[in-house]
Amino acid sequence: MFTKSIAELSQALQTKKISSHELTQMYLERIKQFDKKLNSFITVTEEHALQAAKKADVQLAIGNANILTGIPVAQKDIFCTQGVKTSCGSKMLDNFISPYDATVIKRFNAAGMVMLGKTNMDEFAMGSSNENSYYGPVKNPWNLEYVPGGSSGGSAAAVAANLAPAATGTDTGGSIRQPAAFCGISGIKPTYGRVSRYGMIAFASSLDQGGLFAKSAEDLALLLNVIAGFDENDSTSATIAAPYYATTLNNSLKGLRIGLPKEFFNEALDKDIANAIQAAVKVYEKLGATIHEISLPRTSLSIPAYYVIAPAECSSNLARFDGVRYGHRCDAPKDLEDLYKRSRSEGFGKEVTRRIMIGTYALSAGYFDAYYLKAQKIRRLVAQDFHEAFKSVDVILGPTTPSPAFKLGEKTSDPLSMYLSDIYTIAVNLAGLPGMSIPAGFTAGLPIGMQLIGNAFGEAKLLNIAHGYQKETDWHTKTPEGF
Ligand code: GLN
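Residues numbered from 1 in each chain as written. Predicted model: local features only at pLDDT ≥ 70, side-chain atom pairs only at ≥ 80, totals over all residues. Heavy atoms only, no water.

Colleague: Describe in detail the pattern of salt bridges, supporting the description with residues and values.
Modeller: Taken as a whole and judged by the stated rule, the model has 17 salt bridges. Between Asp94 and Lys85 there is a salt bridge, and its shortest N-O distance comes to 2.7 Å. The partner of Asp171 in a salt bridge is Arg177, and the shortest N-O contact between them spans 2.8 Å. With respect to burial, Asp171 and Arg177 carry one shared label: buried. One salt-bridge network, in which partners are shared between bridges, spans Asp338, Arg342 and Glu346. (Salt bridge = Lys/Arg side-chain N within 4 Å of Asp/Glu carboxyl O. Buried < 20%, exposed > 50% of the residue type's maximum accessible area, 1.4 Å probe, protein only.)

Shown next as structure tokens:
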């Protein structure tokens, strides 16, 4: 049962082959059995889950269920969950029980879905390997010596190891697509504004976007309809109505114009990944797509621009954690300054502290024009590159990451090389566009991810293109040994 897709699980629930209570229990058992190895959950909400499952079973019994009623899901610990610890992977919020639900959580609940628990993540979503978590690193289920990617590493590892059929993530610079690639599953980062950020703890507000992990594009399509759409509590959420994504999944790909950015295929790209992407391109050609070389000339500027903008926004967003209102508070402060200093330096880890310092510096008078303003100008140019590209192609295709998953500890002492693992994903956030990563092969036993980048609010098309590939290939059906 645990290898079944969401569509199949839904079928089993509707036809009463299994109850939501039994299904939930099965996943909870799997978490108990396997998560000691992976560390993918920070909190398992067993009682809460079994209660929600019982409620779902009532809805199923009286014929009041929708397609996702009773399906379990794991939530990244960045989403506020009422009455449940919401840590954001940080010691700062280790004692924080949220008094309210994020909009995303509310919508899952309203759909009758069952939360299994809260997944591990890099502290405040800053990282690419899930090694920055206060709760310890997450392991990659394909090889326990390797990282699962980050910052949504717990969610990706949990779905890859079948500890949950789906999970949420957030993507500020690649944190859904990169871990999806490293763990061999499907992930979608929607257009900025497609999914409400209300109750999603802010890292860099102009880049953060909530999204999803599942085994296939088909599953993602069903789930995206739960969370997409306007929310009056988030002034940046879009008023554009979300289409029903499952309807267009099987549209023909004949005549689809695929753009391959030449900047994505250079020496920095792993050979096996390059070959896997070329093989995927052949699959699309067979389906009637045409291939076009395009250029995204400012690709190399996106990382430097991001590492000014994201820290700047994070330094402002994280100013609220001061040991007064909520969060960690140091013992016996001498005075107010001592309270601020010690609460913050005890509560935040190294990477978060580094970014707060960079951001504060970049925003200070005298440096603002040289750094922040310059980075914002680059951001506009990066967006323009995509705008130009989408005049001649329908979708942009490339690798998700330059290399497969790396070893735990391999990049922890070199933040710059860690930052480079997002070289193909970050520009998409700067431009606010939707992106996906889907499995496209293996190298030395580790999964390879293919990235699809769409035009703004083009999620339906992306899912259609990803599903077309998944009907022709079986990479997305593979399960890591031992799980
Ligand atoms: N790895 C990038 C960073 O550390 C992106 C993180 C994210 O998308 N949340 O900032």
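Alright, that's what it looks like, and here's the rest.
Colleague: Let's hear about the side chain of Glu459: which residues, and what values?
Modeller: Within the fold, Glu459 resides in helix α15 (residues 459-472). The buried charged residue Glu459 lacks any salt bridge, with Arg194 as its nearest oppositely charged partner at 5.0 Å. A polar contact of 2.6 Å, which involves the side chain of Glu459, links it to the side chain of Thr191. Each residue touching Glu459, except ones within four places of it in the same chain, is listed here: Ile188, Pro190, Thr191, Arg194, Leu224, Tyr245 and Pro434. (Helix = DSSP H or I, 4+ residues; strand = E, 2+ residues; numbered from the N terminus. Lys, Arg positive; Asp, Glu negative; His and termini not counted. Polar contact = N/O pair within 3.5 Å; in protein donor to acceptor, adjacent residues only side chain to side chain. Contact = heavy atoms within 4.5 Å.)

Colleague: Requested: an account of helix α11 (residues 350-363), with residues and values cited.
Modeller: Under the 1.5 Å per step criterion, the end-to-end length of α11 is 20 Å for 14 residues, consistent within 8% with the ideal 20 Å. Of the positions making up α11, those classed as buried are Glu351, Val352, Arg355, Ile356, Gly359 and Ala362. Taken end-on, α11 shows its buried residues confined to a sector of 135 degrees, consistent with a single buried face. Across α11 from its buried face, at more than 90 degrees, point the exposed residues Lys350 and Met357. If you follow the buried residues of α11, they end up packed against α9 (299-317), α10 (336-347), α12 (369-389) and α13 (415-419). (Expected span 1.5 Å × (residues − 1). Arc of directions from axis to C-beta.)

Colleague: Just give me the short version of the site of the ligand, but keep the residues and values in it.
Modeller: Taken together, 15 residues surround the ligand, and among them Gly173, Ser175, Tyr306, Arg355 and Asp422 come closest. A distance of 2.8 Å is found between an oxygen atom of the ligand and a backbone nitrogen or oxygen belonging to Thr172. Contacts to the ligand include Asp422, whose side-chain N or O atom sits 2.6 Å from a nitrogen atom. Here the ligand loses 100% of its free accessible area of 290 Å² to cover by the protein chains. Looking at the shell around the ligand residue by residue, the classes come out as five nonpolar, seven polar and three charged. (Near = heavy atom within 4 Å. Areas by Shrake-Rupley, 256 points an atom, 1.4 Å probe, with all protein chains shown as cover. Nonpolar A, V, L, I, M, F, W, Y, C, P; charged D, E, K, R; others polar.)

From the geometry alone we can't say anything about function, so treat these as descriptive.
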